[in-house]
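Each chain is listed here by its residues.
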Amino acid sequence: RAGAAPDPANPLPAALKPDAFRDRQARLRAAAKAAGADVLFVTPSTNLAYAANLAMGRSERLTALLLFTDGPAVLVTPFFEAENHRRDAIVDEVVTWKEDEDPIALTAKLFSKVKIAGIEGTTAYDTVTRLLAIAPVRALDATSTFDAQRMVKSPEEQELVRRAAIMQD
């Protein structure tokens, strides 16, 4: 409840550890690969928080997770956000762009070996059309990839859900 003091009898559970996000990424990679995608392209959304522990709002400045099925988890983000994201996000690499650079062109270069990109379902249409205009890739809707993975809860996630239910009482 807003403004209420924490209940010492029901302390908040610990946050998920980085290994939980790495496991999610491994499962997402396998599902994307099975669907024929070479990479998942994820912009700020609940799916970005799920995959990389990065909860943020969308803005006119591109931040995107590129989760390669046979490669690293790369976060493309504005230069001024890099240190915050290196601290918080569970990724293998952070690639930055500056205000005078085009983040879509940078992303297209990172797609050099990509034939099919799985696009997270809430990604802005403008972002996808700009990317597809310069990257020689085919897009597929990755909504079902995320939905199928998010439906299955690890024991740690089940505990978080259980604790949240207790705190609601």
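Residues numbered from 1 in each chain as written. Predicted model: local features only at pLDDT ≥ 70, side-chain atom pairs only at ≥ 80, totals over all residues. Heavy atoms only, no water.

On to the nonpolar core. One finds Leu28, Leu40, Leu65, Leu75 and Val91 to be the most contacted residues of the largest nonpolar core, which totals 22 residues. For this core, the elements supplying multiple residues, two or more each, are helix 1 (18-34), strand 1 (39-42), helix 2 (46-52), strand 2 (64-68) and strand 3 (73-78). Per-element tally for this core: the top contributor is helix 2, with four residues. Other than its neighbours up to four places away in sequence, Val91 contacts Arg22, Ala52, Leu65, Ala73 and Leu75. In this structure, Phe41, Leu62, Ala117 and Ile119 belong to the second largest nonpolar core, which totals 20 residues. (Core = buried A, V, L, I, M, F, W, Y, C linked by side-chain atoms within 4.5 Å. Buried < 20%, exposed > 50% of the residue type's maximum accessible area, 1.4 Å probe, protein only. Helix = DSSP H or I, 4+ residues; strand = E, 2+ residues; numbered from the N terminus. Contact = heavy atoms within 4.5 Å.)

As for its placement among the helices and strands, Arg27 is situated in helix 1. For the pair Arg27 and Lys109, spaced 82 residues apart in sequence, the C-alpha to C-alpha distance is 25 Å. Here Arg27 is in contact with Tyr50 and Gln149, once residues within four sequence places are set aside. Polar side-chain contacts of Arg27 include one of 3.1 Å to the side chain of Gln149. (Polar contact = N/O pair within 3.5 Å; in protein donor to acceptor, adjacent residues only side chain to side chain.)

Moving on to the packing of aromatic side chains. On inspection of all chains with the given rule, the structure shows one aromatic pair. With a centroid separation of 6.3 Å and 85 degrees between ring planes, the pair formed by Phe41 and Phe111 is classed as edge-to-face. Placement of Phe41 in strand 1 and of Phe111 in the loop between helix 4 (103-110) and strand 5 (116-119) is noted, with a sequence separation of 70 residues between them. As far as burial versus exposure is concerned, Phe41 and Phe111 are alike and both buried. (Phe/Tyr/Trp six-rings, centres within 6.5 Å; stacked < 30°, edge-to-face > 60°.)

Now for the sheet that holds strand 5. Ordered in space as 4-3-2-1-5-6, the six strands form an open sheet in which the pairing is mixed. Edge positions in the sheet fall to strand 4 (93-97) and strand 6 (138-141), since each of these pairs with one other strand and no more. With direction set aside, neighbouring strand axes in the sheet form an average angle of 25 degrees. Of the strands in this sheet, strand 1, strand 2, strand 3 and strand 4 touch helix 4, which is tilted by about 140 degrees from strand 4. (Pairing = 2+ DSSP bridges. Axes fitted to C-alpha atoms, helices over the stretch in contact; angles between N-to-C directions.)

In this section: the packing of helix 4 against helix 5 (residues 125-134). Two numbers describe how helix 4 lies on helix 5: the axes approach to 9 Å, and their chain directions differ by 55 degrees. Judged by the angle between their axes, helix 4 and helix 5 are oblique. Read as a crossing pair, helix 4 and helix 5 show a hand that is right-handed. Counting all contacts with helix 4, which are made through Ile104, Ala105, Thr107 and Ala108, the residues of helix 5 involved are Thr127, Arg130, Leu131 and Ile134. When its residues are assigned to classes, the contact of helix 4 with helix 5 shows five nonpolar, two polar and one charged. (Parallel < 35°, antiparallel > 145°, perpendicular 65-115°, else oblique. Left-handed = near helix turned anticlockwise from the far one by under 90°. Nonpolar A, V, L, I, M, F, W, Y, C, P; charged D, E, K, R; others polar.)

What follows covers the side chain of Arg24. Structurally, Arg24 can be placed in helix 1. The residues touching Arg24, leaving out its near neighbours within four places in the chain, are Leu16, Ala49, Tyr50 and Glu157.

The next point concerns the pattern of salt bridges. Two side chains of opposite charge can pair, provided their charged atoms sit close to one another. Enumeration according to the criterion identifies eleven salt bridges in this entry. The partner of Asp23 in a salt bridge is Arg27, and the shortest N-O contact between them spans 3.2 Å. Of this pair, Asp23 and Arg27 both sit in helix 1, four residues apart, roughly one helical turn. In this structure Asp23 comes out as partly exposed when scored by relative accessible area, which is 41%. When the shortest N-O distance is used, the salt bridge between Arg87 and Asp88 registers 3.0 Å. Shared partners join several salt bridges into a network, and the residues in it are Arg22, Arg29 and Asp92. (Salt bridge = Lys/Arg side-chain N within 4 Å of Asp/Glu carboxyl O.)

Any link to function would need more than the numbers given here.
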